[in-house]
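One letter stands for each residue in the lines below.
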Amino acid sequence: MLISWNTTRQCHLRCRHCYRDAGQKEARELSTEEGRVLLDEIARCGFQMIIFSGGEPLLRADICELTAHARGLGLRPVFGTSGTTLSREVARELKKAGALCMGISLDSAGETVHDELRRVPGSWRSAVEGMENCRAEGLEFQVHTTVVESNYEEFERITNLAASLGARAHHVFFLVPTGRALDMEQEALRRKKYERLLHRILEKQKEVPLELKPTCAPQFMRIAAQKGIKLRFSRGCLAGTAYCCITPNGDVNPCPYLPLKVGNVLDTPFSRIWEESEVFQRLRAGPLGEKCGSCRYLELCSGCRARAYYYYDGDYMAQDPWCLYRSAAAKEEPVGPDR
């Protein structure tokens with residue numbers, strides 16, 4: 001079980017695809033003490049990993065204190081960051097506090113596409129320097145790439161760069177229209193390219209030592225099963241079942257890309273929300289709609305609940321519209337054109 005805490009909405013970048021619409025700090029964000037209480041509750045619920053993200057989590061002055069508290073509770077603290085403020089000193093202090101891995105965003109093998117997506121010149125170079133600083137301080141890191149039409153052909157080159165920089169993993173995020181990404185929905189990969197890239201990722205895994213993982217693309221579990229590839233993962237979409245997200249002001253969402261408030265930790269203890277939320281109970285019990293509900297790979301995949309929410313007018317239990325697979329009787333048949 002893992003959980004994301006968007007510790008702040010503050011960020012110095014203006015990424016076009018930011019799901020949190022980050023920039024200015026919110027008027028009300030969880031304080032240090034409220035954060036410590038939240039971490040206590042997270043550990044009490046049996047979560048193993050806490051992802052500190054944002055905004056830019058490294059802009060919180062108390063981030064090392066929160067990291068140390070999480071580690072002291074037996075949680076595994078990891079990060080989602082732009083990497084642009086990761087000096088050697090910061091990397092050293094984070095490692096000392098107990099951070100286990102930094103997930104650093106890199107959307108291209110070169111500066112132009114990345115900087116255009118991040119809307120700040122020099123952000124690619126700063127991210128790479130952040131990775132180099134982590135490596136110098138012995139703090140593990142992995143590369144996070146949001147894939148859209150403009151960098152679709154670059155996946156393999158980004159993986160090669162990640163390997164050369166010493167990353168332990170390359171996680172590929174598939175765009176879900178939420179936050180500022182609502183304005184670039186047409187740049188999300190359509191179904192055939194989506195499916196092709198999942199095949200490319202699994203094929204590339206045979207060539208490189210670092211772990212490759214698609215995110216917001218649960219169909220990779222079905223494709224791996226079809227190819228006879230064994231993975232360490234047990235399920236594609238974990239929203240509300242083994243994963244959820246806390247926003248900077250304490251709202252609880254099933255995942256960062258599914259902006260459905262199921263409670264607020266300032267009003268109700270997180271443990272109670274996790275155990276009693278009707279939305280979480282529904283996500284755990286089902287049934288899912290149409291193709292997802294009748295699919296032979298339901299338990300492996302379950303479809304992207306955030307994508308269903310967007311494309312089916314808030315119905316987070318609907319089928320995943322980006323899936324090309326259907327099962328009919330004893331045969332398997334890929335269907336559907338690009339949209």
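Computed from a predicted model, the values in this text were never measured in an experiment.

**Things to note about the overall build of the protein**
When helices and strands are tallied, the protein shows 12 helices and 12 strands. Here the C-alpha atoms of the protein give a radius of gyration of 19 Å, agreeing with the 20 Å that 2.2 N^0.38 yields for 339 residues. Overall size of the protein, expressed as C-alpha extent along the three principal axes, is 60 × 45 × 35 Å. Expressed as a percentage of its 339 residues, the buried residues of the protein come to 57%. For the protein, the proportion of contacts with a sequence separation of at least 24, taken over those separated by at least 6, is 69%.

**A closer look at the packing of helix H3 (residues 88-97) against helix H5 (residues 123-137)**
With their axes 8 Å apart at the nearest point, H3 and H5 run at an angle of 50° to one another. When the interaxial angle is binned, H3 and H5 end up oblique. For the element pair H3 and H5, the recorded crossing hand is right-handed. Contacts between H3 and H5 involve Arg88, Ala91, Arg92 and Lys95 from the first element and Asn133, Cys134, Ala136 and Glu137 from the second. Along the lines of polarity and charge, the residues of the contact of H3 with H5 split into three nonpolar, one polar and four charged.

**Thoughts on the pattern of salt bridges**
As a working rule, side chains carrying opposite charge can pair if their charged atoms are close by. The tally for this structure, following the rule as stated, stands at 24 salt bridges. Across the pair Asp320 and Arg307 runs a salt bridge, and its minimum N-O distance is 3.7 Å. You can see Asp320 sitting in the loop between helix H12 (305-311) and strand E11 (325-328) and its partner Arg307 sitting in helix H12, a full 13 residues away along the chain. The pair formed by Asp320 and Arg307 is uniform in burial state, with each residue classed as buried. Residues joined in a network through salt bridges with shared partners are Arg9, Asp21 and Arg180.

What counts and what doesn't
- Residues numbered from 1 in each chain as written.
- Predicted model: local features only at pLDDT ≥ 70, side-chain atom pairs only at ≥ 80, totals over all residues.
- Heavy atoms only, no water.
- Helix = DSSP H or I, 4+ residues; strand = E, 2+ residues; numbered from the N terminus.
- Rg over C-alpha atoms; globule rule 2.2 N^0.38 Å.
- Buried < 20%, exposed > 50% of the residue type's maximum accessible area, 1.4 Å probe, protein only.
- Contact = heavy atoms within 4.5 Å.
- Axes fitted to C-alpha atoms, helices over the stretch in contact; angles between N-to-C directions.
- Parallel < 35°, antiparallel > 145°, perpendicular 65-115°, else oblique.
- Left-handed = near helix turned anticlockwise from the far one by under 90°.
- Nonpolar A, V, L, I, M, F, W, Y, C, P; charged D, E, K, R; others polar.
- Salt bridge = Lys/Arg side-chain N within 4 Å of Asp/Glu carboxyl O.

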